[in-house]
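Chain residues, written in single-letter form:
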Amino acid sequence: MRIERMLLFVLLVLSRSTLGLPNVDAITVPPWVSTESQPAITSVPVTTREKADDLGIRLPSSLKPLHYLVKLQPFINGNFSIFGYMEVEMEVLEPTSKITLHMADIITKNDTVMLSTVGQTPGRDLWIKKHEYDHDRQFYILHLTRELQKGRKYVLSMEYLGYINDKLHGFYRSTYKDVDGHTRNVAVTQFQPTDARKAFPCFDEPALKATFEIHLARESWMTSLSNMPIAETLPVIGQEGWVWDRYEKSVPMSTYLVAFIVSDFAHARTIVKGNVLFRVWARQAAIDQSEYAMEVGPKILNYLEEYFNLPFPLPKIDMVALTDFSARGMENWGLLTYKETFLLYNREVSTLDAKMGVTEIISHELAHQWFGDLVTPVWWDDIWLNEGFASYISLLGMNHAQPTWKIMETTIIKRLHGVFGPDSLESSHKISIPVGHPDEIAEVFDAISYHKGASIIRMMAHYLTEGAFRKGLNNYLNLFKYKNAVQDNLWTCMTMVAHQDGILPQDVTVKMIMDTWTLQMGYPVIKVIRSPDGFSAILTQERFLLERSANSSDTTDYKWWVPLTYTTQSEANFNQTQASLWMKDSEYHITVSSLPPKDQWVIFNLQETGYYRVNYDDHNWNLIIQQLKKDHRVICPINRAQIIDDAMNLAKAGHLSYKIAIGVYAYLRNEGEYLPWATSVDTLGYIKRMFQSKPGFGALKSYLLDLVLPFYEAVGFDDKIDDPYLEQKKRMIAVNWACKLDQKDCLDKVLTLYKQWMANPDNTSLISPNLKWTVYCNAIEEGGEAEWDFAWDQYLKTNVASEKTLLLAAMACTKEAWILSRYLEMAINDTSGMRLQDVKVVLEYVGTNDEGRSLVWDYLTRNWNDIYTFKKRRRGELMKKITESFNTKQELEKVQSFVRSGVSLEGNQKNVRQVEEAVRNNVAWMDANYDVIVQWLEENGYSAKLRVA
């Protein structure tokens, strides 16, 4: 028996002992739970498979669930046990003498297990031969004395005992302190991807949809919520102060979308839009921060109903802010759950980025109500259909709610540039990738699924046109609603519309195009080589890799269907984003004619709608640079950002000289748009990290200051809340970078502001929310123990979750090694009361601090098997962050030694492989480019050498 099950058994059966928890005997057992053998609970025996590599984790296909009845009484204010009862009605698809369900961290009461034919009296003696539990596969297997007949329907029922864990998954507990300092407990679910089995035995696979009737017992002073509205509330017979909430029968849905919460939360008001009731729930002391969510939530929901031309199918939406939550948000149908930081917003305290985050996650989870909930992937290898579409559609919802933010011009491009990074590694992975074990499933919830998925969907929307794209989506959703689908089903729906509207030739399908983007990793760089007279160009494609290893496959083996768009200097029309021509996956090169003469530029990939980079011959690059210097506004802001990002990454990979790439920045002193500046600091940030501890950093710093200072002076330090969103975003970049580069005016102002705040700590409006990160981080970095302790006091005092997260990150900026050591110890040894989810914040930010990096590396590698038990893949994500600046052979050896040490990389194989490759690339980049850039700096007046008197 596993340790967890032993602990659960002891907790539920034995007396208080040393745990200080009430005895099960002391709790009045509900009448619906048989007391015949209480508390002698029998557990199913554990069997161990001899071949761990032959698990076969998928359920047998002989049974299909139709309907569940789940009754739960969680003792959230007692010993955290759960009395449970489950019925599942099943249809037999193939004759079988076994019933296999998923189950984990549950103790069945075997003598209550019953099986009956639908319409007949339940019985057990004639049916049940043996109970079995397969730990490796988390299977509960009921062996029967005779076969179930094909086409018949049966009901399996059982009582069981569970446990409200503290691991942020399954049915878990969250806590908070109310205004009087009393600890309050909340019982909440997080089932995605494979944790419904920890709350009730079930067919826990996304394709096995069923309807659900949930019953929750609660103390009468608390509240419960589930996917559907409450049908009735009745007293629990024999248990004074307890009531049952019975919920209406749900629509067919997957087990990972089932959700329930028992809490003392409140909601401020109710909005009814059409036939949908909308509420936001939070702890009482924070409910005043729910107003913004109440404003944008119904607005985005109505927009999505119109966009999909399909009404939201449930009668209500509850959105709940949780103090303890492992994700940012979760799309449980009709009961959306969020980390407080991503649902609550305080206009006086929260930053602009916090407001943007709240808007995005609300829109993302609402988009899932159609993509993921209404239509669900058959299996987790197509999780990108959930996450990629929700990520793209959420941006449309955000754009509707906040049109002045220009989300479709800024955020989508920032994410496209961001995911280009991991997808340019040999250790990247396909969007659609086979997964089996729950750890493998969890690992594909990454930037490739979310941001690459969103980017190729955006590409498809542009080459199909928006009208055809929406028609195809509507057909797909109507055809597969309440069912499951694979990506080919979507491609078929899109192809039908594309052929009807004459967008694609009859012999070309969307599947032919999109398979090249989803069934192989990476992306291409399109090389444009113009003829001597300029009137034509030869275009080739190859896989873009930052660094090729000796064992890497030939990049010419990778080919894509590439939608090509372009404009010329004489036209300068950047609005035509439907493909002008295609490069097929069978073509090594194509010729484009009718181009302008050689003294005029051409630019490909208009508005960067294609998921690819573009490289030109040096002459065309220089023509583009000349245009940027002469009048950059001729080129649209998205393509200016694309030119910067492509040039610097092409140089990083050795496809372009740094002389040309850095030359692109020469025009920046005249740039007034947010996106090109955001892209510039992102790409320069890599060089800054590589140079940080090297002799050439002083020269680089002088060059960066010369670039940033005019921008800083143009936007100013003093924040103006009434400024447009993108103007505020520009100021945040300028001020942060000016201070980061030790610009005196900037540093003096942030240090003064922080000292004024320390002298008047109750004045929370003293520092503009948009400048908080720069002020907090730089003041703590330049200060000592007093500045750090003040920040800690503010962390303890604030009632705003996003402010807590900001302070946690800023406290990692100190350069005092002993303070960082103390901070790390406070977090990992749980001496501070810090929430489990916030330990990641501390480790990540301390790990990116030069003074703290080795501390976190040592802790992470020493405690690899114990850290982040609630989400194993977090270890690999943390390792990625703290090794971003690793660029020496010694640091590479440190990583390789860890990989060779024999630790289990379960659930982190992809992340750790990417860490090793990224560090190897950094080392190669330093060998190839450090001296080149130092020489360029010296040639342009930025010397790294000390002057001799």
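Our subject is the structure that appears above.
Residues numbered from 1 in each chain as written. Predicted model: local features only at pLDDT ≥ 70, side-chain atom pairs only at ≥ 80, totals over all residues. Heavy atoms only, no water.

A. Structural context of the nonpolar core. Residues Phe-200 and Phe-691 are the most contacted members of the largest nonpolar core, which totals 315 residues. Ignoring sequence-local partners within four residues, the contact set of Phe-200 consists of Tyr-68, Val-70, Met-86, His-102, Ile-106, Tyr-160, Phe-191, Phe-212 and Val-258. (Core = buried A, V, L, I, M, F, W, Y, C linked by side-chain atoms within 4.5 Å. Buried < 20%, exposed > 50% of the residue type's maximum accessible area, 1.4 Å probe, protein only. Contact = heavy atoms within 4.5 Å.)

B. A look at the environment of Ala-266. Along the chain, Ala-266 falls in strand 17 (residues 266-267). Note: C-alpha distance between Ala-266 and Thr-223 (43 residues apart in sequence) is 8.6 Å. The residues contacting Ala-266, other than those within four sequence positions of it, are Val-280, Trp-281, Ala-282, Gln-284 and Ile-287. (Helix = DSSP H or I, 4+ residues; strand = E, 2+ residues; numbered from the N terminus.)

C. Focus on the sheet that holds strand 13 (residues 223-226). An order of 10-11-16-13 is seen for the four strands of this open sheet, with the pairing classed as antiparallel. Each end of this open sheet is capped by a strand with a single partner; those strands are strand 10 (170-177) and strand 13. Neighbour-to-neighbour, the strand axes of this sheet turn through a mean angle of 15°, independent of strand direction. (Pairing = 2+ DSSP bridges. Axes fitted to C-alpha atoms, helices over the stretch in contact; angles between N-to-C directions.)

D. The packing of aromatic side chains, seen in detail. With the rule as written, the count across this model stands at 56 aromatic pairs. Ring geometry for Tyr-463 and Trp-582: centres 4.9 Å apart, planes at 80°, overall edge-to-face. Of the two residues, Tyr-463 sits in helix 7 (residues 447-464) while Trp-582 sits in strand 29 (residues 581-583), which places them 119 residues apart along the sequence. Relative accessible area serves as the criterion here: at 22%, Trp-582 is assigned to the partly exposed category. Stacked on the ring of Phe-80, the Lys or Arg Arg-173 has its end atom at 4.0 Å from the ring centre. Above the plane of the ring of Phe-342 lies Arg-328, whose end atom (NZ or CZ) is 5.7 Å from the centre. (Phe/Tyr/Trp six-rings, centres within 6.5 Å; stacked < 30°, edge-to-face > 60°. Lys NZ or Arg CZ within 6 Å of the ring centre and 35° of its normal.)

E. Region of the structure containing the sheet that holds strand 25 (residues 524-530). Across the sheet, which stays open at both edges, the four strands sit in the order 30-26-25-32 with mixed pairing between neighbours. Each edge of the open sheet carries a strand with a single partner, namely strand 30 (589-592) and strand 32 (613-616). Ignoring strand direction, the axes of neighbouring strands in this sheet form an average angle of 25°. Bridge count for strand 25 against strand 26 (residues 537-543) is seven bridges, and the pairing is antiparallel. Following the sheet pairing, Arg-530 is matched in strand 26 by Ala-537. On top of the sheet, helix 12 (residues 637-652) reaches strand 25 and strand 32; it is set at about 75° to strand 32, its chief contact.

F. Highlighting the state of the cysteines. Considering all chains together, one arrives at two disulfides under this definition. Disulfide partner of Cys-739: Cys-746, at an S-S distance of 2.0 Å. One quick way to see it: the torsion about the S-S bond of Cys-739 and Cys-746 is about -95°, and its sign makes the bridge left-handed. The disulfide partner of Cys-777 is Cys-813, and the gap between their sulfur atoms is 2.0 Å. (Disulfide = S-S within 2.5 Å.)

G. Helix 15 (residues 697-715), seen in detail. Between its terminal C-alpha atoms helix 15 stretches 26 Å, which fits the 27 Å expected from 19 residues at 1.5 Å a residue. In helix 15, a bend of some 35° at Val-708 exceeds every other bend along the element, and Pro-710, a proline, comes one to four places later. Burial in helix 15 covers these residues: Phe-697, Ala-699, Leu-700, Tyr-703, Leu-704, Leu-707, Val-708, Phe-711, Tyr-712 and Val-715. Here the buried face of helix 15 lies against helix 13 (658-663), helix 14 (674-691), helix 16 (725-740), helix 17 (744-759) and helix 26 (909-939). Gly-716 sits one or two positions beyond helix 15 and adopts a positive phi of about 80°. (Expected span 1.5 Å × (residues − 1). Bend = angle between axes of the 7 residues up to and from the residue.)

H. Focus on the packing of helix 7 against helix 8 (residues 466-480). The contact between helix 7 and helix 8 brings their axes to 6 Å, and the two run at 115°. In this structure, helix 7 uses Ile-457, Met-460, Ala-461 and Leu-464 to contact helix 8, whose residues at the interface are Glu-466, Ala-468 and Phe-469. The residue makeup of the contact of helix 7 with helix 8, split by class, is six nonpolar, no polar and one charged. (Nonpolar A, V, L, I, M, F, W, Y, C, P; charged D, E, K, R; others polar.)

I. Highlighting the pattern of salt bridges. Under the counting rule described, the total for this entry stands at 45 salt bridges. With a shortest N-O distance of 2.8 Å, Arg-415 and Glu-360 are connected by a salt bridge. Of this pair, Arg-415 sits in helix 5 (residues 411-420) while Glu-360 sits in helix 3 (residues 352-368), and the two are 55 residues apart along the sequence. The exposure class assigned to Arg-415 is buried, which follows from its relative accessible area of 15%. What you see here is one network of salt bridges that share partners, running through Asp-166, Lys-167 and Arg-173. (Salt bridge = Lys/Arg side-chain N within 4 Å of Asp/Glu carboxyl O.)

Keep in mind that these numbers describe shape and distance, not what the molecule does.
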